[in-house]
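# Structural features, examined
Each chain, letter by letter, is given below.
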Amino acid sequence: MRTQVGIIGAGPAGLLLSRLLHVQGIDSVVLENRDRAYVEARIRAGILESHTVQTLRDVGVGDRLDREGLHHTGIHLQIPGERVHLDFEALCGRTVWVYGQTEVVKDLIATQLDEGPPLLFCVTDVQPHDVDTDSPRITFTDADGVAQELQCDVVVGADGFHGVSRPLVTAATGGKVWERVYPFSWLGILADAAPATDDLVYAWHPDGFALYSMRSPSVSRLYVQVDPTEKIEDWSDERIWDALDERLGLSGWSVNRGPITEKSILPMRSFVSTPMRHGRLFLAGDAAHIVPPTGAKGLNLAVADVTLLATALVRLLQEKETDLVDAYSDTALRRIWRCTHFSWWMTSMLHTVSAAQGGDDFDHQLQLSQLRRVFASEAAQRELAENYTGLPIER
């Protein structure tokens, strides 16, 4: 098999990169170790920045988003007894959309299978080779159990934190990894209940953080902060709703309850790996970075990565110029660290740490002081709004 760009991983980063390259005349093949049903069922992020929405529209996969996505012009921040709305459109002129990552992936897969390039599911034993030459290749076993070799000009590792690509880059370059594991997790649910709020609610509470989000006019997506040692089976539906009522409660307003259709516990961490390139092997998305979901940056960072990378690869493969691929890692990492800081800041401001984990009331008062500063200051609100809705992509 022969292609210009071999892409490992059919998450949003790999699929969107393939689409971006396709519309500019660059061939690619996407390799995915899971089946289509699994890939399309993974519950992930749901907030799309302005640049993400426009990118999806530009490559022809924004129609269903425009029909079914929920356009949001701000968020609510809450402390016990007080809720404040931040109007992003007024503060910075940008907005966000609520449209689940699962839906983005479904749209990208449907377009890929309809129009190409090739997308191969259920491949195993994936391994890049010769990435420090101009003729890298990927060996793998296809869904029928047949050993294959894909010859490429470039290999892109969009295969996530546990993929094969990042360790190759780190080992070959002597790269560095930064990681912070937070002392709390999110218990998330999907519920067949109409959202009781127009915009998302981010709530600080002494018992822990809570988030009121949504997926459609009839489906709510909600989260409560829990200890990382908690087991999902210990959280009955009633216990979850009671915790949400307590943490999100406000006079004259209440959470809409309904049947819970999905629940899981998500650990929280920040992770950045540098560099994002070795030779003709490039990293994108979760293969290079992970952020806690509080700042709604994970999917949007992946889109920013591949937007930069697609431009650089077109220049390399069509114009034979290396300047943009040489700059890719440093350029992408500037945005990654900005978003990592914003995600850490939102997380640190809104989540409580128990006494057993070293937290105390002094920390709580500092958090409340920071939140009240955001409540009262247009400058602080604008800083939050600019980062939340997505800073311009550096070209």
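This report concerns the structure included in the present document. What you see is a predicted model; the values in this text were computed from it and never measured.

The subject of this paragraph is the overall build of the protein. The helix and strand tally for the protein stands at 12 helices and 20 strands. Over its C-alpha atoms the protein spans a radius of gyration of 21 Å, differing by no more than 12% from the 21 Å that the globule rule assigns to 395 residues. Overall, the protein is about 65 × 40 × 40 Å in size when its C-alpha atoms are taken along their principal axes. Within the protein, the proportion of its 395 residues that are buried is 56%. For the protein, contacts bridging at least 24 residues in sequence account for 72% of all contacts bridging at least 6.

Right, let's get into the pattern of salt bridges. In this structure the tally under the stated criterion is 23 salt bridges. Note that Arg 280 and Asp 134 form a salt bridge whose closest N and O atoms lie 3.4 Å from each other. With Arg 280 in the loop between strand E18 (277–278) and strand E19 (281–283) and Asp 134 in the loop between strand E9 (124–129) and strand E10 (137–141), the pair connects residues that are 146 residues apart, well separated along the chain. Since its relative accessible area comes to 56%, Asp 134 is described here as exposed. One salt bridge connects Glu 149 with Arg 137, and the closest N-O pair in it is separated by 3.0 Å. Of the two residues, Glu 149 sits in strand E11 (residues 147–151) while Arg 137 sits in strand E10, which places them 12 residues apart along the sequence. Among the residues examined, Glu 149 registers a relative accessible area of 30% and is labelled partly exposed. The class for Arg 137 is partly exposed, based on a relative accessible area of 25%. One continuous salt-bridge network, built from bridges that share partners, spans Arg 64, Glu 68, Glu 103, Lys 106 and Asp 107.

Our next topic: helix H11 (residues 361–376). Look at H11: 22 Å from first C-alpha to last across 16 residues, which is about the 22 Å you get at 1.5 Å a residue. Buried-residue contacts for H11 involve strand E5 (74–79), strand E6 (82–87), helix H10 (323–350) and helix H12 (378–389). The residue sitting at the N-terminus of H11 and contributing the capping side-chain oxygen is Asp 360; that oxygen lies 3.1 Å from the backbone nitrogen of Phe 362.

Sheet topology note: the E9/E10 ladder contains 4 bridges and is antiparallel. Within E10, the position partnered with Thr 124 by the bridge is Thr 141. Pairing of E10 with E11, which is carried by 5 bridges, proceeds in the antiparallel orientation. Opposite Phe 140, over in E11, you have Gln 148 as the bridge partner. Taking the residues that link successive antiparallel strands as the turn, the E10-E11 hairpin has 5 residues, and the phi of Gly 145 there is positive, at about 85 degrees.

Thresholds, definitions, all that
Residues numbered from 1 in each chain as written. Predicted model: local features only at pLDDT ≥ 70, side-chain atom pairs only at ≥ 80, totals over all residues. Heavy atoms only, no water. Helix = DSSP H or I, 4+ residues; strand = E, 2+ residues; numbered from the N terminus. Rg over C-alpha atoms; globule rule 2.2 N^0.38 Å. Buried < 20%, exposed > 50% of the residue type's maximum accessible area, 1.4 Å probe, protein only. Contact = heavy atoms within 4.5 Å. Salt bridge = Lys/Arg side-chain N within 4 Å of Asp/Glu carboxyl O. Expected span 1.5 Å × (residues − 1). Polar contact = N/O pair within 3.5 Å; in protein donor to acceptor, adjacent residues only side chain to side chain. Pairing = 2+ DSSP bridges.

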